[in-house]
Amino acid sequence: MSPAGGPRVRVTVEGRELELSNLDKVLYPEAGFTKGEVIHYYTAVAPVLLPHLADRALTRIRYPDGVAAGSFFEKNAPAATPAWVRTHTLPVPGSSRGRETLDYVVADDLPTLVWLANLAAIELHTPQWRIGADPDLLVVDLDPGPPAGLPDCARTALAVADLMAADGLAPLPKTSGRKGMQLAAAVSGRQSAEVVSGYVRRIAQRLARERPAEVTATMARRLRTGKVFLDWSQNNAAKTTVAPYSLRGGPSPTVSTPLTWDEVRALADGAAPARMASPAEALARAAAGDLWAPLLAAGPSVPTG
């Protein structure tokens, strides 16, 4: 990236001309973390992040005035989207506004990622399918109901992984970047969202029966106190999940960070601190390679019975 100076900084990113603005604007007031630092983070993490965004319709959560001033979800390509940004028109399942289709942004390259970061698109969320295909990822969201926390999620994640491994799946863990965890497993891409979601629902319901004091598969918040909610519905065709390496819009900048299973066991045993990684920590980990790279290859089909 080569700056050209001026109050609005013009840069060239892989041959694309962009104009960046308000780089000193603080987006995380408690940490003093600026939009320029958000752009720097996404530029630095791009080699491991972009493969997980490729060919997926991107939903963004934007914080134009910082995390303390509110946010909005954005699926449609915004006005004045550069012509070189890839977009794809897709149906919108269950649209609350009655729209039949939207023009989604697809972040396949670094210029698009920098452009989005300049729009204060802090959070990046993707579906479990690539454009024009059935799901190639299975996702389990582990959401702790206080006083349950990250160690409880880790213990539940290990139980989920054991059940899935018995079915030939190889789930990988990451933090949500907020309070919980997520697991993802590569699947065949030849089964519908209903089939994949049904499989995860059966796993969640089984664990809720076997560990009723620790796990719930019910969405009602009043039933989550002190338990980990296994959200199987993330595999619905209309749902998205925060991407690995995405920033989150909390009080301080944290990252949804891939973990090793050894780290999950340490969290479960209380041998590791129960906290989310900072951007600097996430970049240091990513420098050693992408722990979620195995999810980029096709996996097996899920059991249907």
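Anything mentioned here points back to the structure above.
In this text the structure is predicted, and so the values were computed from the model without any measurement. (Residues numbered from 1 in each chain as written. Predicted model: local features only at pLDDT ≥ 70, side-chain atom pairs only at ≥ 80, totals over all residues. Heavy atoms only, no water.)

> Looking at this model, I keep getting lost on the sheet that holds strand β12 (residues 172–175). Mind explaining?
Hydrogen bonds between backbone atoms are what pair the strands of a sheet, whose relative direction is either parallel or antiparallel. The five strands are arranged β12-β13-β11-β15-β14 in an open sheet whose pairing can be described as mixed. The open sheet has two edge strands with one neighbour each: β12 and β14 (215–216). Two strands pair when backbone bridges link them, and β12 and strand β13 (residues 181–186) are joined in this way by four bridges, in the antiparallel orientation. Bridge pairing in β13 places Thr-175 opposite Met-181. In this fold helix α3 (residues 150–166) packs onto β11 (137–144), β13, β14 and β15 (228–231), with an angle of close to 150° to the strand it touches most, β11. With respect to the sheet, helix α4 (residues 193–210) is in contact with β11, β14 and β15, its orientation differing from that of β11 by roughly 35°. (Pairing = 2+ DSSP bridges. Helix = DSSP H or I, 4+ residues; strand = E, 2+ residues; numbered from the N terminus. Contact = heavy atoms within 4.5 Å. Axes fitted to C-alpha atoms, helices over the stretch in contact; angles between N-to-C directions.)

> Would you mind going over the pairing of β15 with me for this structure?
For a regular strand, side chains alternate in direction, first toward one face of the sheet and then toward the other. Burial along β15 is two-sided: Val-228 and Leu-230 facing one way and Phe-229 and Asp-231 facing the other are all buried. Summarising the sheet, β11 and β15 pair through four bridges and their orientation is antiparallel. Paired with Asp-143 across the strands is Phe-229, a residue of β15. Where β14 and β15 come together, two bridges link them in parallel fashion. Across the sheet, Val-215 pairs through a bridge with Val-228, a residue of β15. (Buried < 20%, exposed > 50% of the residue type's maximum accessible area, 1.4 Å probe, protein only.)

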